[in-house]
Each structure stands twice: as structure tokens, then as C-alpha cells.
Amino acid sequence: MTTMEAVLRPVIVFGGAAVVAWAVAWAVDRLLVRMDRRRPQTPLWGLLRQGRVPLMAVLFVALVRGFFGSTKLVGNGRERVDLWLTLIMIAASAWLVLRASDAVIETAAAKYNGVAHDPARARRVRTQLTLMRRLVTTVVIVVAVAAMLLQFDGMRALGTSMLASAGVLGIVAGIAAQSTLSNLFAGLSIAFGDMVRIGDTVIIDGEYGVVDEITVSYLVVLTWDERRITMPVSYFTNKPFQNWSRGGQQMTGTVYLHLDHTAPISELRAKTEEIVRASDHWDGRSWSLMVTDTTPSTIEVRAAMTARTPDDIWFLRCEVREELIAWLRDKCPSALPRLRTTPELPGKEL
């Protein structure tokens, strides 16, 4: 074989493989476009079009490997090219699998959101799909990297020597990865155990916030003042926390007032009813006001009211508290707590 043939054959093989791969990928893309137009209610076909580039790469490498025997490379050039083709094939295949899995997960999420009428169930499915996507991504990347490393002779030798001491290494790895594995299993427990979901309102260590992100290892809570608290997911399986969104978002809130013994409870109860009924945050279910405790100097009055969501109950409590204090200050200041230093004379107020 002449030098010209040695140069032209690889060029023809690579060029022909590129053209055929592009043509097949283009044909598949046109087919997906047609399927997407026929079934617009299913976004799967449109999302699968994102895998056109990795599909083209897989086809190109497969064709080159199939016709690689006609290149007649001399020396160790064949081994180097074959190694690079294998590495590219593994990377492109992993890329294609990730694109396809993302399309399937996004389709499932879109389909469920379109028919779900329960916001809590929608958040649960969204949480499960998010963690499933992260888990699939992690597994595919780890498998692809491991497969690429095994293509090198040095790595295979290292793997053989490591298998000889697998028992000791297993114990050491288990101890070293105890926290990581704990978080991994805790993340799966959260996803499929419906313990906490994206969008849930939670109280963690006295912090009020909304679950903003859940991964297989950590969870992010967005607080009311726009801070983000990042916590390991194992926290939620080992320690108690409040989930205000679990089992429905309707809540009962309370407002406590410490007043003087002379406070007019009946008038205060009527004012509480007026404030609650006039509020847009009240859901119309129930309200109450009663004396719940007493001390030598004050009485404890509790006003309770209901609301549709945790946010509504927060604003309703603040509204009731502010207006009751303002009413007591303006209409009945003697009901506010006072520190008596001398006996009160009959018919007079301090």
C-alpha cells in the first residue's frame, strides 16, 4: 500500500462515518419532529431531540470502529486510535443515556403536573423525580468513568491488586463512607417515604422556611428573610422537625396576650371576632378567645384562628396581635400589665 493510500483510507473512513452519522441523526430528528407534531400533549418526542448530538457521536464512533480494519495503520497507531475510539464511545453513550433519562423524567413530571389536582402530591412527585434524576446521573457518570479507566493496562493491574485485599478495603471504605452512605439512603428515604417535599413549609431548629432544593446528599431551606440553610438529608431521618405542609396546609394559629386581671374579656372577645372576620387571611373555619392561665400579676389570654396556608396564618396572627394591642392601648389602657407599687384607691386608676 502506497503512502497516498495510507493517508486517503483513514480520511475516507472518518469522512464517510461522519456523513453517515449526520444523515442518520438528521433522519431520527425529523422523525421525532413528526411524532411531536402528532402528539403535542406528550413532550417526550421534543425532549428526545436534545440527544441528537450524542447520538451522532455514538454512530460516528461505531462506524469508524466497524471499518477501522481497512485503514492498515502500522506500529502502535492502531492501538492508540482504538483506545481513543473506545473512550469516546463510552463518553458519548453515557451522554446519550443521560439525555434520554432526562427526557423521560421531564415527560413524567409534565404529564403528572397536567393532571394532578393535589398540590401536596405534585410536590411529592417532583421531589421523587428530582432525586431520581440526580441518582441516575451519578450512577451513569460513575459507571462511565470506571469503564474508561479500565481501558488502561495500569488501571486493570491496579484493580487486580485491589481485589486481592477486597475484604480489608471494604471495611475501610465502609467506615470512611459511612456519612456519605447515610446521606444517600436518607435521601432515598425522603424521596419515596414522603417525609418532606420541595415546596413544603418547615421549622428546623427554630428557623421558618420553605424547602427549596433536595439532592441525594443535602437539602436547602429558603428562610423567610431569603437566607438559604443547607443541611445533610440525614438530619431529617435522625432528628424531629415540623412540616407544616404535610397532610394539608390548613393551620390554626395562636396569639398570646398577658393582661391585667381587670381586662374586659367579653369586649376583647368581641373585638377579636371583628378583627378575624374582617381579615382576608382568615379561611372562615373557626376562631376563639379564652383565658388560659393566671399569675399573681397577670392573666394569659389566647386568641386562636384558622387560615388556609402557613403564610396566611402568619400574617393573620400578626394582624390580630397588632390590632388587639392598639385597641387595648386606646380603649382600655387599664387592661395592659402594670407594676403596682402602692395600693390602688377605690374608683381610681394608676
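Residues numbered from 1 in each chain as written. Predicted model: local features only at pLDDT ≥ 70, side-chain atom pairs only at ≥ 80, totals over all residues. Heavy atoms only, no water.

Student: Before we move on, can you summarise the overall build of the protein with the specific residues and values?
Tutor: Counting its regular elements, the protein contains 11 helices and 8 strands. Within the protein, the fraction of its 350 residues that count as buried is 31%. Per element, the accessible surface of the protein, about 21100 Å² overall, is 62% carbon and sulfur. (Helix = DSSP H or I, 4+ residues; strand = E, 2+ residues; numbered from the N terminus. Buried < 20%, exposed > 50% of the residue type's maximum accessible area, 1.4 Å probe, protein only. Areas by Shrake-Rupley, 256 points an atom, 1.4 Å probe, with all protein chains shown as cover.)

Student: An account of the sheet that holds strand S6 (residues 251-259) is requested, with residue identities and associated values reported.
Tutor: If you walk across this open sheet you meet the 3 strands as S6-S8-S7, and the pairing is antiparallel. Strands at the two margins of the open sheet, each flanked by one partner only, are S6 and strand S7 (282-294). Here the strands of the sheet are splayed against their neighbours by 20 degrees on average, with no regard to which way each runs. The pairing of S7 with strand S8 (residues 299-307) spans 8 bridges and is antiparallel. Bridge pairing in S8 places aspartate 293 opposite glutamate 300. Running over the sheet, helix H10 (residues 265-278) touches S6, S7 and S8 and is turned about 155 degrees from S7. Along the sheet, helix H11 (residues 310-331) makes contact with S6, S7 and S8, crossing S6 at roughly 20 degrees. (Pairing = 2+ DSSP bridges. Axes fitted to C-alpha atoms, helices over the stretch in contact; angles between N-to-C directions. Contact = heavy atoms within 4.5 Å.)

Student: Would you mind going over the pairing of strand S3 (residues 218-223) in detail, with residue names and values included?
Tutor: Sheet topology places strand S2 (residues 207-214) next to S3; 5 bridges connect them, and they run antiparallel. Across the sheet, residue valine 210 finds its bridge partner in S3, namely leucine 222. Looking at chain direction, S3 and strand S4 (residues 228-232) are connected through 5 bridges and run antiparallel. Bridged to valine 220 within S4 is threonine 230. Linking S3 to S4, which pair antiparallel, is a turn of 4 residues; within it glutamate 226 sits at a positive phi near 70 degrees.

Student: Explain the environment of serine 217 to me, using residue names and the numbers behind them.
Tutor: Mapped onto the fold, serine 217 is located in the loop between S2 and S3. For the pair formed by serine 217 and serine 234, sequence separation is 17 residues and the distance between their alpha carbons is 8.0 Å.

Student: Break down a positive patch on the surface for me, with residues and values.
Tutor: Taken together, the side chains of Arg34, Arg37, Arg38 and Arg39 present a region of like positive charge at the surface. Given a relative accessible area of 61%, arginine 38 falls into the exposed group. (Patch = residues over 30% accessible without salt bridge, like charges linked within 9 Å, V, L, I, M, F, W, Y side chains within 5 Å. Salt bridge = Lys/Arg side-chain N within 4 Å of Asp/Glu carboxyl O. Lys, Arg positive; Asp, Glu negative; His and termini not counted. Charge placed at Lys NZ, Arg CZ, Asp CG, Glu CD.)

Student: Kindly report on unusual backbone geometry, identifying the contributing residues and their values.
Tutor: The backbone of aspartate 205 shows a phi angle near 50 degrees, a positive value even though the residue is not glycine. Assignment of secondary structure puts aspartate 205 in the loop between strand S1 (201-204) and S2. Note on aspartate 205: relative accessible area 65%, which makes it exposed. Not every positive phi belongs to a glycine, and glutamate 226 is a case in point at roughly 70 degrees.

Student: So what about the packing of H10 against H11? Which residues, and what values?
Tutor: Relative orientation of the contacting elements H10 and H11 amounts to 140 degrees, with a least axis distance of 10 Å. Taken together, the axes of H10 and H11 lie oblique to each other. In the packing of H10 onto H11, the handedness of the crossing is right-handed. Where H10 approaches H11, its residues Glu267, Leu268, Lys271, Thr272, Ile275 and Val276 are matched on the opposing element by Glu319, Val320, Glu323, Leu324, Trp327 and Leu328. (Parallel < 35°, antiparallel > 145°, perpendicular 65-115°, else oblique. Left-handed = near helix turned anticlockwise from the far one by under 90°.)

Student: Before we move on, could you go through the sheet that holds S4 and cite the residues and values that matter?
Tutor: With respect to topology, 5 strands assemble into an open sheet ordered S4-S3-S2-S1-S5, the strand pairing being antiparallel. Of all strands in the sheet, those with a lone pairing partner are S4 and strand S5 (242-243), marking the two edges.

Student: Summarise H10; cite the residues concerned and give the values.
Tutor: In this model, H10 (14 residues) spans 20 Å end to end at C-alpha, consistent with the 20 Å of a helix rising 1.5 Å per residue. Where H10 is concerned, the buried positions are Leu268, Lys271, Thr272, Ile275 and Val276. All buried residues of H10 project into a common sector of 130 degrees when viewed along the axis, lining one side. For H10, exposure combined with an orientation more than 90 degrees from the buried face picks out Ser266, Arg277 and Ala278. (Expected span 1.5 Å × (residues − 1). Arc of directions from axis to C-beta.)

Student: Quick rundown of the packing of aromatic side chains? Include the residues and the values.
Tutor: Per the counting criterion, the structure on display carries 2 aromatic pairs. Between tryptophan 22 and tryptophan 26, the aromatic rings sit 6.5 Å apart at their centres with planes inclined by 20 degrees, giving stacked as the arrangement. In this pair, tryptophan 22 and tryptophan 26 are both assigned in helix H1 (residues 3-38), 4 residues apart and thus about one turn of the helix distant. By relative accessible area, which is 46% here, tryptophan 22 ends up partly exposed. Accessibility expressed as a relative area gives 41% for tryptophan 26, which makes it partly exposed. With a centroid separation of 6.4 Å and 20 degrees between ring planes, the pair formed by tyrosine 208 and tryptophan 314 is classed as stacked. Here tyrosine 208 is found in strand S2, whereas its partner tryptophan 314 is found in helix H11, with 106 residues between them in sequence. A relative accessible area of 17% places tyrosine 208 in the buried class. (Phe/Tyr/Trp six-rings, centres within 6.5 Å; stacked < 30°, edge-to-face > 60°.)

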